Amino acid sequence: MDLNLTNRTAIVTGGATGLGKAFVLTLAKEGVNVCFTYMRHEEAATQLVETVRATSDVKILAVKTDLADPQSRERLFNTCIETLGNADILINNAGIWLSGYVTEIDPQDWDRVMNVNLKAVFHLSQLFVNHCLQRQQAASILNITSQAAFHGSTTGHAHYAASKAGLVAFAISLAREVASKNINVNNLAVGLMDTEMIRQNVELAPDYYVSRIPVGRVARPDEIADIGLFMVSPKTRYMTGATLDVTGGMLMR
């Protein structure tokens, strides 16, 4: 199926590793120009840029960004537009997963999780939507949320779960505001994936984690990215404000 994505331009947060990297590779394969962010994984970001340039003709840009910092977020967006000329896809993928039960969470940790996982999504979405409205162009926003947004945390990650639940309500609200402007806003609710963020936890307690997944295994980032690719394509223009369950049956909603 031709998804009609060639020559479009995407911004992907947290694109150097894990699901973000899978999104970058999948988008590039479909002919999408990509600007992605990284923070700690500079070597991985450089290697990803080299891989994409060696295997496709798309434009690609990696921008070191502290998503907790509003000025850094603005520099990211301005750099993307100045270098690539446009953006009509935004994938808010980056997130942090700090540990701590509610009785012991440091307020600074709570704020950091909210700044990266929720406030950055609001700010980048605001910059992106205003850009698209000025150009009167169709566009897509995809936010990566979690089954924890609906189930809550069972292992000491209440701040993460709260931030991901906030994404669901935010996406619905934004979708209502911009639906008539040909901009759709959707979420992917992911479960357990084989990524750096959670790999160690799964390896330490595989029976606990895998037993919660009806399909019996953690997800590969590339198979989640394939679903996300479809959701930012013109094929899903009539779907907005939706959260798609890609949890291997953990959520089933």
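Please read all numbers here as calculations on a predicted model, not as lab measurements.

Novice: Explain the pattern of salt bridges to me, please; I cannot follow it from the model alone.
Specialist: Once their charged atoms are close, side chains differing in charge can pair, the charge on each being opposite to the other. Evaluation of the coordinates by the stated rule reveals five salt bridges. Among the salt bridges present, the one from Asp-66 reaches Arg-112, with a minimum N-O distance of 3.6 Å. In this pair, Asp-66 sits in the loop between strand S3 (60–64) and helix H3 (70–84) while Arg-112 sits in helix H4 (residues 107–135), placing the two residues 46 residues apart along the sequence. Here Asp-66 falls in the partly exposed class, since its relative accessible area comes to 24%. Arg-112 gets classed as partly exposed once you look at its relative accessible area, which sits at 36%. Here Arg-220 makes a salt bridge to Asp-222, at a shortest N to O gap of 3.1 Å. Connected via shared salt-bridge partners are Arg-217, Arg-220, Asp-222 and Glu-223.

Novice: It is not clear to me how the packing of aromatic side chains should be interpreted in this structure. Could you clarify?
Specialist: Given two aromatic rings, one states the distance between the centres and the angle between the planes to describe the pair. For the structure on display, the rule yields two aromatic pairs. Ring geometry for Phe-122 against Phe-170: centres 6.4 Å apart, planes inclined by 85 degrees, an arrangement best described as edge-to-face. Of the two residues, Phe-122 is situated in helix H4 and Phe-170 in helix H6 (residues 158–178); the sequence distance between them amounts to 48 residues. Taking the relative accessible area as the measure of exposure, Phe-122 reaches 37% and is therefore partly exposed.

Parameters at a glance
- Residues numbered from 1 in each chain as written.
- Predicted model: local features only at pLDDT ≥ 70, side-chain atom pairs only at ≥ 80, totals over all residues.
- Heavy atoms only, no water.
- Salt bridge = Lys/Arg side-chain N within 4 Å of Asp/Glu carboxyl O.
- Helix = DSSP H or I, 4+ residues; strand = E, 2+ residues; numbered from the N terminus.
- Buried < 20%, exposed > 50% of the residue type's maximum accessible area, 1.4 Å probe, protein only.
- Phe/Tyr/Trp six-rings, centres within 6.5 Å; stacked < 30°, edge-to-face > 60°.

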